[in-house]
Every structure is written in structure tokens, then in C-alpha cells.
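Spelled out from the first residue to the last, the chains are:
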Amino acid sequence: MKRDAAARLDTLSQQLGSHAVRQGSLAKYSMAGIGGPADLLVIAHDRETLIQAVVGARALDLPIRVFGGLTNCLICDAGFRGVAILNQVRGYRFDADYRLHAESGAIIAPIARGAVGRGLGGLTWAVGLPGTVGGMVVNNAGAFGGETSSNLVAAEVLNLEGDVMQVEPAWLEFEYRRSRLKGSSEGWVLLSAIFQLRLAEGAHLQTKADEYTARRQRTQPPGRTLGSTFKNPPGDYAGRLIEAAGLKGKRVGGVMISERHANFFINDEHGTAADYQALICLAQTEVERQFGVHLEPEIEFFGMECHCGG
Ligand SMILES: Cc1cc2nc3c(=O)[nH]c(=O)nc-3n(C[C@H](O)[C@H](O)[C@H](O)COP(=O)(O)OP(=O)(O)OC[C@H]3O[C@@H](n4cnc5c(N)ncnc54)[C@H](O)[C@@H]3O)c2cc1C
């Protein structure tokens with residue numbers, strides 16, 4: 001790293017005091033337990049620190065990225081060059097109009113369970129979804145026929161100038177598993193979101209929630225993973241194709257393609273990002289070779305690229 005960049009990182013680190021650490025481990029916070037250190041790791045427990053870190057990094061012309069639960073990101077073994085901000089701004093509340101107001105670092109699963117407990121429908125599909133509201137909105141996460149974009153009615157976004165913008169759902173340009181905020185070069189940061197829920201029969205919601213939880217437990221492997229590695233190609237399932245290619249149980253280093261669900265890769269033996277990536281390339285290449293289908297990764301890569309499989 002250039003000495004100049006190192007000096008700017010030190011400056012930001014000093015500005016943020018105990019919220020920032022130089023060469024902070026990202027593996028510790030990643031759901032897969034993988035990833036080298038960030039040049040500067042910032043843990044934001046409150047909105048002021050989150051904004052201060054983003055604005056401060058931009059003023060110093062440092063690359064930044066905000067992460068939530070790191071449940072969907074593969075960070076390379078060499079680490080993250082720049083400022084990685086872990087968003088732990090966890091507040092949320094339900095109001096009298098059945099709306100959920102959530103800070104972007106709030107963990108979604110307990111919120112979704114809380115909504116079910118209050119007899120509020122709309123987020124039941126998310127009872128077992130790992131990660132934060134921020135990642136969920138950015139990815140337009142969904143499961144069991146539900147999707148983030150179906151209930152989101154407003155959001156607050158921090159723009160490049162450091163201003164807080166109130167935006168409507170149309171502004172977010174939701175698509176399948178993505179939004180305008182995903183990988184955006186504009187560097188927008190989601191601060192909070194409002195979801196309109198609806199009053200429903202509590203027992204029915206609870207039955208649904210139990211069903212979804214049981215389905216996840218039955219079909220998804222436990223352990224350190226980034227969830228679905230690839231998006232489902234049109235009219236098919238990535239897991240089915242990887243299994244049909246004979247790759248269930250295949251291992252590279254410490255990472256294995258799950259025996260239970262072939263679209264889930266598990267770090268069960270001190271695996272590295274390079275192991276994970278090698279398995280991704282293997283699955284892409286074999287599925288393309290055997291079935292002529294190109295699998296597109298659902299997970300995001302940081303500090304590494306994935307060009308294999310054609
Ligand atoms: C076991 C398992 C099961 C899963 N099941 C599902 C599923 O059923 N459906 C599904 O859709 N996904 C699923 N996922 C993927 C993942 O849980 C979701 O996409 C989740 O919403 C990501 O949230 P996160 O906070 O971990 O995001 P991260 O992984 O931390 O980040 C994801 C992206 O969002 C960006 N980001 C995060 N917060 C902000 C913010 N505040 N402002 C701007 N950008 C931000 C990051 O920079 C990154 O680009 C699963 C993952 C696992 C590990």
C-alpha cells in the first residue's frame with residue numbers, strides 16, 4: 001500500500017477512535033469464517049458512527065464498503081483494501097399502523113419472528129433468513145415466494161455528498177436478488193427501511209413460520225456457509241445441476257460442496273477463500289460442460305474475480 005493511503009487510513013482510524021481497528025479480521029464476522037483483514041475495520045454500533053465513517057472515508061478518498069452480516073460475501077484471503085464498515089446499528093420498532101421501522105444493521109430473523117408473534121404478516125418468509133436489513137434490501141432477498149420488495153414502502157439512503165435521502169421503492173429499482181444499491185459505483189449506503197405489514201391470523205403465521213424453519217433445517221446444511229452460491233438459472237435449480245454433475249461432497253482444501261444441498265458450500269476444515277473460489281470454478285465449469293448452462297454466482301466477491309466456466 002502507498003504510504004499516503006496508509007497515512008489517510010491512520011487519520012480515519014484516529015477520528016473514529018475505538019470504533020476502528022487497523023488490519024481487523026473479517027473472517028471473524030463472516031458467516032463462512034473466511035476472509036483476510038481489512039486495512040481499516042470499523043464497527044458501527046450507532047447511526048452517527050456509521051455516517052461519520054462513510055463521510056470521513058470519502059473525504060479522505062478511501063475506498064469503502066458497508067457490510068451487514070457478511071452472509072453473502074466472499075472476501076479474499078489477502079483481505080479488503082480500504083475501509084470495511086460493519087453495520088451493527090440494530091434498532092427497530094413496530095408502529096400502530098403495522099409498519100416496521102428498521103435500522104439497516106438490524107438482524108432480520110428475530111424481527112421477522114417478532115412480526116409473526118404480533119400477528120403481522122409480510123415478513124414471515126424471512127424467519128430463517130441470515131443477515132441484516134441492509135443486506136436484505138440491497139439483495140432484494142427472498143424465499144418461499146416472499147421478497148423484500150413486496151413490503152418495503154420507504155428507505156433512507158446516504159448519498160455520496162453525505163446527505164440523507166428519503167427514497168421510494170421505485171427508486172431502488174428492485175430486480176431478482178438485486179437492487180440499485182447492489183455493487184453501486186455511486187456508493188449509496190442504506191441507513192434504514194420501512195416495511196408495511198398487515199394484520200393476520202397469528203396462529204396461521206406461526207404455522208407458516210414453523211413450516212419454513214423446518215424446511216430450511218431439512219434442506220439446508222448447518223455450518224459455516226454463504227448460503228446459495230449460485231442464482232437459479234431460468235427454469236432450473238443450481239443445486240440440482242451441481243448434483244447432476246456429480247459434485248455433491250466434492251472438496252477443495254477445507255471447503256466442501258454440501259451433501260445435503262449442492263448449491264451450499266461449507267467451510268468445515270479451516271477453508272480459505274481460494275478453496276471456496278476453486279470449488280465455484282469447478283461447479284461452473286462442470287455444469288457448463290455437461291449441461292451447457294452457465295451458473296451465475298449469487299454471492300459477491302471482494303478482492304477476487306471469478307471468470308471460470310465460460
Ligand atoms: C444459510 C444461508 C441461507 C440464506 N438464505 C437465503 C434466502 O433464503 N434468500 C435470500 O435471498 N438470501 C439468502 N441468503 C443470503 C443472505 O442471507 C441474504 O442475501 C442477506 O439478506 C444478506 O444480508 P447481510 O447483512 O449478510 O449482507 P452482506 O453479506 O453483509 O452484504 C451483502 C451486500 O449488501 C451490501 N450492504 C449490506 N448492508 C448495506 C448497507 N447498509 N448499505 C449499502 N450496502 C449494504 C454489501 O456491501 C454487499 O454488497 C442466505 C445466506 C445463508 C448464509
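For every chain, the first residue of the written sequence is number 1, and numbering continues from 1 along that sequence. Under the rules for a predicted model, residues below a pLDDT of 70 receive no local features and side-chain atom pairs below 80 are neither given nor counted, while totals for whole chains, interfaces and linings still include all residues. Here the side-chain values reflect all heavy atoms present in the structure, with hydrogen atoms and water set aside.

A short note on the pairing of strand β12 (residues 164–167)
Defined as follows: Pairing between strands is defined by DSSP: at least two bridges between them are needed. Numbering goes from the N terminus for both helices and strands, where a helix is a DSSP run of H or I of at least four residues and a strand is a run of E of at least two.
Relative to β12, strand β11 (residues 152–158) runs antiparallel, the two being bridged by four bridges. For L158, the partnering residue across the bridge sits in β12 and is V164. Where β11 folds back onto β12 in an antiparallel hairpin, the turn is made up of five residues, including G162, whose phi is positive at roughly 85°.

Considerations on the side chain of R216
Rules: Under the scheme applied here, a residue whose accessible area is under 20% of the maximum for its type counts as buried, over 50% as exposed, and between as partly exposed, the area being computed with a 1.4 Å probe on protein chains only. Neither His nor the chain ends is counted toward charge; the positive residues are Lys and Arg and the negative residues Asp and Glu. Salt bridge, as used here, is a side-chain nitrogen of Lys or Arg placed within 4 Å of a carboxyl oxygen of Asp or Glu.
Along the chain, R216 turns up in helix α5 (residues 202–219). For the buried R216, no salt bridge exists, and the shortest N-O distance to an oppositely charged side chain is 9.2 Å, to E298.

Comments concerning the nonpolar core
To keep things clear, this is the line we draw: For our purposes a nonpolar core is just a set of buried Ala, Val, Leu, Ile, Met, Phe, Trp, Tyr and Cys residues, chained together by side-chain atoms within 4.5 Å. Pairs of residues are marked as contacts when any of their non-hydrogen atoms sit within 4.5 Å.
Formed by 35 residues in total, the largest nonpolar core has its most connected members in L100, W125, V133, M136, V137, F195 and L197. Top contributing element to this core by residue count: helix α3 (residues 108–117), with five residues. The contacts of V133, once residues within four sequence positions are left out, are A102, E103, S104, A106, I108, I111, L190, A193 and F195. Of all hydrophobic cores here, the second largest spans 25 residues; its members include F230, I257, F265 and M304.

A short note on the layout of surface pockets
Counted only if it meets this: Only protein atoms enter the 1 Å grid used here. Points where a 1.4 Å probe fits but cannot escape make up a cavity, open sets with protein on both sides within 12 Å along at least five of seven lines make up a pocket, and a residue lines them when an atom lies within 4 Å of a point. Grid points are joined across faces, edges and corners, and a volume is the space filled by probe spheres set on the points. Ten residues, namely Ala, Val, Leu, Ile, Met, Phe, Trp, Tyr, Cys and Pro, are considered nonpolar, four, namely Asp, Glu, Lys and Arg, are considered charged, and the remaining ones, Gly among them, are considered polar.
Approximately 230 Å³ is the volume found for the second largest pocket. For the second largest pocket, the lining is made up of 16 residues, of which G121, G122, L123, T124 and R198 are closest to its centre. Here the lining of the second largest pocket takes four residues from α5, the largest share from any one element. For the lining of the second largest pocket, the class distribution of residues is six nonpolar, seven polar and three charged.

Description of the domain arrangement of the protein
Where we set the bar: Bear in mind that the domain bounds are from an automatic or database domain assignment. Buried area: the sum, over both parts, of the accessible surface (1.4 Å probe) that disappears when the two are put together. Whenever two N or O atoms come within 3.5 Å, that pair is a polar contact, provided that in protein one can donate a hydrogen and the other can accept it, and provided that, for residues adjacent in sequence, both atoms are side-chain atoms.
Partitioning the protein into domains gives domain 1 (3–87), domain 2 (92–216) and domain 3 (221–302). A straight line from the C-alpha centre of domain 2 to that of domain 3 covers 27 Å. With four residues of domain 2 in contact, the opposing surface of domain 3 contributes four residues. Together domain 2 and domain 3 conceal approximately 380 Å² of surface at their shared face, both sides included; 42% is due to carbon and sulfur atoms. On the domain 2 side of the interface with domain 3, the three residues burying the most area are Y176, R177 and K182, jointly 78% of the side's total. Joining domain 2 to domain 3, the criterion identifies one salt bridge. Run the count over domain 2 and domain 3 and you get zero residue pairs in polar contact (both at pLDDT 80 or more). Split into classes, the residues belonging to the side of domain 2 that touches domain 3 amount to one nonpolar, one polar and two charged.

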